[in-house]
Amino acid sequence: MQDTTLRHEELLAARRKHIGPSLSVAYDEPLKIVRGVMQYLYDEDERQYLDAVNNVSHVGHCHPEVVRAAREQMAILNTNTRYLHCLLVEYARRLCEALPESLSVCYLVCSGSEANELALRLAKTHTGGSDIIVVDGAYHGNTTSLIDISPYKYKGPGGTGAPPNVHEVVMPDVYRGPYNDPATAGELYAQHVGQAAGEVRSTGNKLAAFFCESLMGCAGQIVLPDNYLKHAFEHVRNAGGVCVADEIQVGFGRVGTHFWGFETQDVVPDIVTLGKPIGNGHPLGAVVTTPEIAASFDNGMEYFNTFGGNPVSCAVGLAVLDVIENEGLQEHALAVGNVLKAGLERLKRRHEVIGDVRGMGLFLGVELVTDRDTREPATELAKSVIEEMKNRGILLSTDGPLNNVLKIKPPLVFSELNADLLVKTLGEVLRRAVGRYGR
Ligand code: PMP
């Protein structure tokens, strides 16, 4: 059955029959996207959409260099890591070179969830601990153990709460959280991590790890306040735990000023997990850690991953790193991100419904509220804005615990003209929609 022959209704019906219903589809009228070129997606009628949300296609949908690397290696060999292969070692070396010196040992996996799952195992084996500290609103992946450390899921629909070994700390959100002064917020929010570490001690358990997204994605594009990770890491290390930076959303130059999100906090994690943009859409993930943690994990039980580190994935990963470097995409993310953020700030001055504009580089969030003083979330408005933006050819999505944050995280090739169009269109959509949904 050729997918391309089915139109919307038939396709939806077949999908409902054969695909698990917990996989959602975006938009009231779902899109059938059939091809992508850099920051653009095309539906079956060749209508073009500007993609402002798919951060996985980091260097652009179907970037020719990435496609070429995959195609060429696929035609030569694809097998597992039990044979020596130059690409495996070359890729691991390149990834480690992009990270602080202490992070020099790599495990290649096939998704962000696999990366965090392995990070959990590394942390538990290294420390001998069982307990994990997590940040409210965080998402770390889709496996049973990762749902257990993802407040976004265990507190959300269908969730059954955190298990006793998981300790949740308040989200370091200077807009909505208890501490709003940027000068002191980082340290104050981090004190909750210290308290959680104390809680672990008081139960007689041992802390294994603190998991933290370097900028938070599903939580609503939250930028951690200055010094948060510095203080949080200190509390965690004093309690014998290791610090895991989940870079799955934000790594590889997206934040513009730095290659990794954790670098904006001037810290060095013990374990870094990578995913999404790492393979530009090819299923790839990685865990990078210290030789000491890797040595603890080498306890006799082999770690084998059938597809992780295969030559095709390594060729793709290398091509992504090359493109980021050759096209100066980190610098580009900073320049275009600044233009876009300034445009969104201008909109905020004109539209009362914009409560907050935040983010770094091309990882931005616009929080919509019905009242700036009470910060009542404009959830319905946010949904209608996304729908109307899509009708006008621009793809965005919403997230955050209150589902009122517009998420902007386009492929890094997004241009200044694209940014101007997004701001102009969002302004028009807000002007029209606000009469219906809020002030
Ligand atoms: N961590 C973060 C921060 C994520 O955003 C995601 C995916 N949304 C994951 C982990 C899980 O990655 P994957 O879907 O590739 O398993």
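Residues numbered from 1 in each chain as written. Predicted model: local features only at pLDDT ≥ 70, side-chain atom pairs only at ≥ 80, totals over all residues. Heavy atoms only, no water.

Engineer: Describe the domain arrangement of the protein, with residues and values.
Structural biologist: Segmenting the protein into domains produces domain 1 (8-59 + 328-432) and domain 2 (65-326). For domain 1 versus domain 2, the distance between C-alpha centres works out to 25 Å. The interface of domain 1 with domain 2 comprises 36 residues on the first partner and 36 residues on the second. Of the roughly 2900 Å² buried where domain 1 meets domain 2, counting both sides, 56% is carbon and sulfur surface. Viewed at the interface, domain 2 and domain 1 are joined by 1 salt bridge. Seen at the junction of domain 1 and domain 2, the total is 19 residue pairs in polar contact (both at pLDDT 80 or more). Of all the secondary structure elements, the ones that give two or more residues to the side of domain 1 that touches domain 2 are α11 (329-350), β13 (354-360), β14 (363-371) and β18 (405-408). When its residues are assigned to classes, the side of domain 1 that touches domain 2 shows 18 nonpolar, 11 polar and 7 charged. (Domains from an automatic or database assignment. Contact = heavy atoms within 4.5 Å. Buried area = accessible area lost by both parts, 1.4 Å probe. Salt bridge = Lys/Arg side-chain N within 4 Å of Asp/Glu carboxyl O. Polar contact = N/O pair within 3.5 Å; in protein donor to acceptor, adjacent residues only side chain to side chain. Helix = DSSP H or I, 4+ residues; strand = E, 2+ residues; numbered from the N terminus. Nonpolar A, V, L, I, M, F, W, Y, C, P; charged D, E, K, R; others polar.)

Engineer: I'd like a description of helix α3 (residues 86-97), backed by residues and values.
Structural biologist: Over its 12 residues, α3 runs 16 Å from end to end, which matches the ideal 16 Å to within 8%, given 1.5 Å per residue. Among the residues making up α3, those that are buried are Leu87, Tyr91, Ala92, Arg94, Leu95 and Cys96. Where the residues of α3 are buried, they touch α2 (64-74), β4 (105-109), β11 (271-274), β12 (285-289) and α10 (311-326). (Expected span 1.5 Å × (residues − 1). Buried < 20%, exposed > 50% of the residue type's maximum accessible area, 1.4 Å probe, protein only.)

Engineer: Break down the packing of aromatic side chains for me, with residues and values.
Structural biologist: This model, assessed by the stated rule, comprises 9 aromatic pairs. Aromatic side chains Phe252 and Trp260 sit 4.9 Å apart centroid to centroid with 70 degrees between the ring planes, which places their arrangement in the edge-to-face category. On the basis of relative accessible area, Trp260 is assigned to the buried category, the value being 0%. Seen from their ring centres, Phe259 and Trp260 are 4.9 Å apart, and the 90 degrees between their planes marks the pair as edge-to-face. Take Phe259 and Trp260: they sit in the same class, and that class is buried. (Phe/Tyr/Trp six-rings, centres within 6.5 Å; stacked < 30°, edge-to-face > 60°.)

Engineer: Mind laying out the site of the ligand, listing which residues take part and the relevant values?
Structural biologist: The full set of residues close to the ligand is Ser111, Gly112, Ser113, Asn116, Tyr139, His140, Gly141, Glu213, Asp246, Ile248, Gln249 and Lys276. The contact in question runs from an oxygen atom of the ligand to an N or O atom on the backbone of Gly112, over 2.9 Å. Gln249 is positioned with one of its side-chain polar atoms (N or O) 2.8 Å from an oxygen atom of the ligand. Expressed as a share of its isolated accessible area of 390 Å², the protein-covered part of the ligand is 85%. Per-element accounting of the shell around the ligand gives the leading share, 3 residues, to helix α4 (residues 112-127). Tallied by class, residues from the shell around the ligand come to 2 nonpolar, 7 polar and 3 charged. (Near = heavy atom within 4 Å. Areas by Shrake-Rupley, 256 points an atom, 1.4 Å probe, with all protein chains shown as cover.)

Engineer: An account of the side chain of Lys409 is needed here, citing residue identities and associated values.
Structural biologist: Relative to the assigned elements, Lys409 resides in the loop between β18 and α13 (416-437). The buried charged residue Lys409 lacks any salt bridge partner; its closest oppositely charged side chain belongs to Asp399, at an N-O distance of 7.0 Å. Within polar-contact distance, the side chain of Lys409 engages the backbone oxygen of Val53 at 3.5 Å. Reaching out from Lys409, the side chain makes a polar contact with the side chain of Asn55 at a distance of 3.2 Å. (Lys, Arg positive; Asp, Glu negative; His and termini not counted.)

Engineer: Can you break down the sheet that holds strand β2 (residues 40-43) residue by residue, with the values?
Structural biologist: The 4 strands are arranged β1-β2-β3-β16 in an open sheet whose pairing can be described as mixed. Each edge of the open sheet carries a strand with a single partner, namely β1 (33-37) and β16 (394-395). Examined bridge by bridge, β2 and strand β3 (residues 48-51) share 3 bridges and lie antiparallel to one another. Each bridged residue has a counterpart across the sheet, and for Leu41 the counterpart in β3 is Tyr49. (Pairing = 2+ DSSP bridges.)

Engineer: Kindly report on the sheet that holds β12, identifying the contributing residues and their values.
Structural biologist: Pairing is mixed across the open sheet formed by 7 strands, whose spatial order is β4-β12-β11-β10-β7-β5-β6. Looking at the sheet topology across the chains shown, the edges are occupied by β4 and β6 (166-169). Between one strand axis and the next, the sheet turns by 20 degrees as a mean value, whatever way the strands run. Pairing geometry for strand β5 (residues 131-135) and strand β7 (residues 207-213), over 3 bridges, is parallel. Each bridged residue has a counterpart across the sheet, and for Asp131 the counterpart in β7 is Leu207. Along the sheet, α3 makes contact with β4, β11 and β12, crossing β4 at roughly 120 degrees. (Axes fitted to C-alpha atoms, helices over the stretch in contact; angles between N-to-C directions.)

Engineer: Could you give an account of the pattern of salt bridges, naming the residues involved and the relevant values?
Structural biologist: Applying the stated criterion across every chain yields a total of 22 salt bridges. A salt bridge links Arg68 to Glu65; the shortest N-O distance between them is 2.9 Å. Here Arg68 and its partner Glu65 are both found in helix α2, 3 residues apart, which amounts to about one turn of the helix. Look at Arg68 and you get partly exposed, because its relative accessible area is 40%. Glu65 sits in the partly exposed class, given a relative accessible area of 36%. Within the structure, one salt-bridge network assembled from shared partners comprises Arg176, Asp356, Arg358 and Glu367.

Engineer: An account of a positive patch on the surface is requested, with residue identities and associated values reported.
Structural biologist: On the surface, Arg346, Arg349, Arg350 and Arg431 cluster together into a patch of positive charge. With 3 residues, α11 is the single largest residue contributor to the positive patch. Relative to the helices and strands, Arg431 is located in helix α13. Here Arg431 falls in the exposed class, since its relative accessible area comes to 54%. (Patch = residues over 30% accessible without salt bridge, like charges linked within 9 Å, V, L, I, M, F, W, Y side chains within 5 Å. Charge placed at Lys NZ, Arg CZ, Asp CG, Glu CD.)

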